[in-house]
Amino acid sequence: WNNPAIGSHPFGYTAEIKTHNQRMEVRRKIPFPINPTALAGFEEYLQPTTTIDSTHSTIVAKAAELVEGEDDLFKAVFNLANWVDTNVKYDLTTLTAETSQKASWVLENKEGVCDEMTSLFVAMARAVGIPARFVSGISYTTSDLFSEPWQPHGWAEVYFPEVGWVSFDITFGEYGYIDVTHIKLRDGFDPQDAATRYEWFAHEVDLRAQELSLQTEVRRRGNLVQEELGLEQELLAPEINFGSYNLITGILKNKADYYAAATLRLAVPPEVEIVGRDKRTILLSPGEVKETIWIIKVRDTLDPDFIYTFPVLIWSEKNTSVQDSFKAQAGKPFYSEEEIEQFNVKVEEKSYSRKI
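Residues numbered from 1 in each chain as written. Predicted model: local features only at pLDDT ≥ 70, side-chain atom pairs only at ≥ 80, totals over all residues. Heavy atoms only, no water.

A.B. asks: Mind showing me how you'd approach the pairing of strand E14 (residues 289-298) here?
C.D. replies: Every other side chain in a regular strand lies on the same face of the sheet, so the side chains alternate between the two faces. Of all ten residues in E14, eight are buried, a share of seventy percent or more. Of the strand pairs in this sheet, strand E10 (residues 245-254) and E14 are connected by nine bridges, and their pairing is antiparallel. Residue pairing across strands places Lys 253 opposite Val 289, the latter belonging to E14. The pairing of strand E12 (residues 272-275) with E14 spans four bridges and is antiparallel. Within E14, the residue paired with Glu 273 across the bridge is Lys 297. (Buried < 20%, exposed > 50% of the residue type's maximum accessible area, 1.4 Å probe, protein only. Helix = DSSP H or I, 4+ residues; strand = E, 2+ residues; numbered from the N terminus. Pairing = 2+ DSSP bridges.)

This is the structure in structure tokens:
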């Protein structure tokens, strides 16, 4: 400002940003551990920082356990990401006004926000010799935890030799890519590095930095990108008795010529209980087919004079979905949890082979 009046002067700027739905495609198996010659120039992304304390003994031990026996870099990174997503609870109360918690604290307490979950993931990657960095930016969310959909956000990028920096957003369940609502501001070694820096030259001026006020508006939309994953569903029993268990199988096929991961969720009516987590994240190599299993139970408090038809929906983070239904009625077959467990062979780590 030239010759400003005495008083407060808020400042900011407006920008129009165009994002593209692009991903760094990993089309072939990259050996793990990474050959040291392929890490030349990326050594700094293997070093610990104040928040990403990747040399902490508990982080080194857990990361080594999760990648033990893996010789495929994408699968090793996926194991780390999926463990953090499955075992660390998203909790806004852990975020302080000063700084994010250290990665070792997140591992010990099993809770954190996006910055802290990402810090743990990056720390684990660095602990086993995989270059990784922290990304600060803005993203869109439909979570009811926030009053506004556009929020500051943190995610990670992992270096794959001969490919480049591949995005992993643990909080959103996006492994190997990010959606177009992610607006990257900066990347760095530690989340405590500021995403925005102010510099000023003045005389007798008191500048007080406050939290960023983000006001984001979508101006234009592009075309929908075709889903690279095919999804099918199978039910063990189309008719069961009240109080009986049932088995839902989701069959996932990767139609792309690159590694792809999908986060699947199961939706059922309140009269049906899901045993365990409703959320599954599955990694598929190019052209691979896998299946995942959910065990459900119909409540035994329903009216025996009625026939109930229950819809069952499996959907992905990209909103691809398949739906089926089954009936619950008195006198129909009853399956105990033990009988259903016999079918649950945990085939997530095996290729789909039931039709051979």
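A.B. asks: Is there a simple way to think about the nonpolar core in this case?
C.D. replies: Nonpolar side chains in soluble globular proteins generally cluster together in the buried interior. With 44 residues, the main nonpolar core has Leu 120, Phe 121, Met 124, Phe 160 and Phe 168 as its most contacted residues. Where this core is concerned, the elements lending two or more residues are helix H1 (57-67), helix H2 (73-87), helix H3 (103-109), helix H4 (114-127), strand E4 (150-160) and strand E5 (164-169). Of all the elements, H2 adds the most residues to this core, at nine residues. Among all residues touching Met 124, those that are not within four sequence positions of it are Ile 59, Lys 62, Ala 63, Leu 66, Leu 80, Trp 83, Val 84 and Leu 107. If you look at the next biggest cluster of nonpolar residues, it comprises 26 residues, including Ala 260, Ala 262, Ile 274 and Leu 302. (Core = buried A, V, L, I, M, F, W, Y, C linked by side-chain atoms within 4.5 Å. Contact = heavy atoms within 4.5 Å.)

A.B. asks: Would you mind going over the packing of H2 against H4 with me for this structure?
C.D. replies: Two packed helices can be described by the angle between their axes and the distance between those axes. Where H2 contacts H4, the two axes come as close as 10 Å, and the packing angle between them is 150°. Relative to H4, H2 is oriented roughly antiparallel. By crossing handedness, the relation of H2 to H4 is classed as right-handed. For the pair H2 and H4, contact is made by Val 77, Leu 80, Ala 81, Trp 83, Val 84 and Asp 85 and by Met 117, Leu 120, Phe 121, Met 124 and Ala 125, respectively. Partitioning the contact of H2 with H4 into residue classes produces ten nonpolar, no polar and one charged. (Axes fitted to C-alpha atoms, helices over the stretch in contact; angles between N-to-C directions. Parallel < 35°, antiparallel > 145°, perpendicular 65-115°, else oblique. Left-handed = near helix turned anticlockwise from the far one by under 90°. Nonpolar A, V, L, I, M, F, W, Y, C, P; charged D, E, K, R; others polar.)

A.B. asks: Any chance you could explain the pattern of salt bridges here in plain terms?
C.D. replies: Opposite charge on two side chains makes pairing possible when the charged atoms of those side chains draw close. Applying the stated criterion to the full structure yields 18 salt bridges. A salt bridge links Asp 278 to Arg 265; its shortest N-O distance comes to 3.5 Å. Of the two residues, Asp 278 is situated in the loop between E12 and strand E13 (279-284) and Arg 265 in strand E11 (residues 260-267); the sequence distance between them amounts to 13 residues. Judged by relative accessible area, Asp 278 falls into the partly exposed class, the value being 28%. Linked by salt bridges that have partners in common, Glu 16, Glu 217, Arg 219 and Arg 220 make up one network. (Salt bridge = Lys/Arg side-chain N within 4 Å of Asp/Glu carboxyl O.)

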